[in-house]
Amino acid sequence: MSAPLKSIEGSSIAEAMADIGRRAKAAARVLALSPATRRDAALTTMAKSIRASEAGILAANAEDVADAKASGANAAFMDRLTLTPKIVGAMADGVDVVRKLADPVGAVTESWTRPNGMTIERVRVPLGVVGVIYESRPNVTADAAVLCLKAGNAVILRGGSESFRSARAIHAALVEGLRAADLPEDAIQLVPTRDRAAVGMMLAGLDGGIDVIVPRGGKGLVGRVQAEARVPVFAHLEGVVHVYVDKAADLEMAKTIVLNAKMRRTGVCGAAETLLVDRAAASTMLEPLVSMLVDAGCEVRGDADVQKADTRAKAASEDDWPAEYLDAVIAARVVDGVDAAIAHIERYGSHHTDAIVTADRQAADKFLSEVDSAIVLHNASTQFADGGEFGFGAEIGIATGRMHARGPVGVEQLTTFKYRIRGTGQIRP
């Protein structure tokens, strides 16, 4: 077992981080060979510990929130940072959901027999050590840790400096679960420093101590990770999310979906950032949609048609179309049908999440087929872009790349595979 979490402020960060990597690698070996029942036992205790530690977690978060307010953080940032009893409860519930998922480790995904009698199986195995670098959202501490544990991986967590106290409090609850199940406490490590030098060391791989990096944050963080990482990355680009309202949409459904997609939580990556309206429906749908958003407190930046529909809308610039606002702001424009909507999304989108609202099945199928995004929806809010809503219990991020994982990264995506071959003495001629 490891020593209690200690700060490395003022000590040799390089030495401390190298030690974290070594200990994570050793823990990953133990986890990879551990029975699912032991990992599930740890998760059971973790959920209980999070619930029992609610007061302490919220108190730590209140200090983080106070500091963020004092530094002038905006409303969207505060929304991501702030924990509530409901959020802490949902965090614990998510641990329970993850625990109940089928164990991915050792699952045979395919098997076949060769003409020479050899049998070949493709089997899921853990990735090893996952490094997660995230910013202001403290619940990622639990989400990432429990998903990695369920999939037999060790994890090194480097949270944002703004959520430092919150992450420590959550981490302490998670360690209780490892301890109760007699699993190595080094299996879930939280980098105990705000020093950004630790991020660079993780990106370098900690001398083989990290097998994959998952960035969870804004464009600046993800860009740095992609530019500097010397280990594989599960890319999570910004969420430039679109809702396209087709001419065959039901207006009331469109209004409900658009309002939820934009305003339910403006600071999440699945929040709609651009509204596209079919020109064939603009005369009846554009004004109600735009006015609804403005009345709800959302700033609308639109093209000439949008500004004409509601004079409170501001003029959009070219910079607005690829923008991720993470705030109560949305870009809006009129397009010439589903093909033009798809072309706009291809040019300005980030391959994250996009939705169509329509009663026309052919238009919906075209959109779902041709929009090249990790998540595409028909007649549903983009705010469903969340691993919990997919039944994964939680997510470690939304992968927007094409290698290995795409969309919500859950337990299956946190495994790789190997081949098991059984023979009866075969040799190759």
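Residues numbered from 1 in each chain as written. Predicted model: local features only at pLDDT ≥ 70, side-chain atom pairs only at ≥ 80, totals over all residues. Heavy atoms only, no water.

**Describing the pairing of strand β7 (residues 241-245)**
Logical step 1: Most of β7 sits out of view: five of its five residues are buried.
Logical step 2: Of the two faces of β7, the one carrying Val-241, Val-243 and Val-245 and the one carrying His-242 and Tyr-244 are both buried.
Logical step 3: In this sheet, strand β8 (residues 272-278) lies alongside β7 in parallel orientation, the contact comprising five bridges. Bridge pairing in β8 links Val-245 to Val-277.
Logical step 4: For the handedness criterion, the β-α-β arrangement of β7, helix α10 (residues 251-263) and β8 is classed as right-handed.
Logical step 5: Relative to strand β12 (residues 353-357), β7 runs parallel, the two being bridged by four bridges. Looking across to β12, one finds that Val-243 is bridged to Ala-355. (Buried < 20%, exposed > 50% of the residue type's maximum accessible area, 1.4 Å probe, protein only. Helix = DSSP H or I, 4+ residues; strand = E, 2+ residues; numbered from the N terminus. Pairing = 2+ DSSP bridges. Right-handed = clockwise from strand over helix to strand, strands pointing away.)

**Quick word on the nonpolar core**
Logical step 1: Grouped together as the largest cluster of nonpolar side chains are 70 residues, with contacts concentrated most on Met-46, Ile-50, Val-132 and Ile-396.
Logical step 2: Ranked by the residues each element gives to this core, the list is headed by helix α6 (residues 140-150), at eight residues.
Logical step 3: Residues contacting Met-46, with those up to four places away along its chain left out, are Val-95, Val-146, Leu-149, Ala-173, Leu-174, Gly-177, Leu-178 and Ile-188.
Logical step 4: Ranked by size, the runner-up nonpolar core spans 27 residues in total, among them Val-290, Cys-298, Val-306 and Ala-313. (Core = buried A, V, L, I, M, F, W, Y, C linked by side-chain atoms within 4.5 Å. Contact = heavy atoms within 4.5 Å.)

**Looking at the packing of aromatic side chains**
Logical step 1: Scanning the entire structure with this criterion turns up four aromatic pairs.
Logical step 2: Taken together, a centroid distance of 6.4 Å and an interplanar angle of 75° make the contact between Trp-112 and Tyr-419 edge-to-face. Remark: Tyr-419 occurs in strand β16 (residues 415-422) and Trp-112 occurs in strand β1 (residues 108-113); sequence separation between them is 307 residues.
Logical step 3: Overall, the relative accessible area of 43% leaves Tyr-419 in the partly exposed class.
Logical step 4: Grouping aromatic residues by their ring pairs yields a cluster made of Trp-112, Phe-417 and Tyr-419.
Logical step 5: A cation over an aromatic ring shows up here: Arg-122 above the ring of Phe-417, its NZ or CZ 5.3 Å from the ring centre.
Logical step 6: Here the guanidinium or amino end of Arg-333 rests over the ring plane of Trp-321, the centre of that ring lying 4.3 Å away. (Phe/Tyr/Trp six-rings, centres within 6.5 Å; stacked < 30°, edge-to-face > 60°. Lys NZ or Arg CZ within 6 Å of the ring centre and 35° of its normal.)

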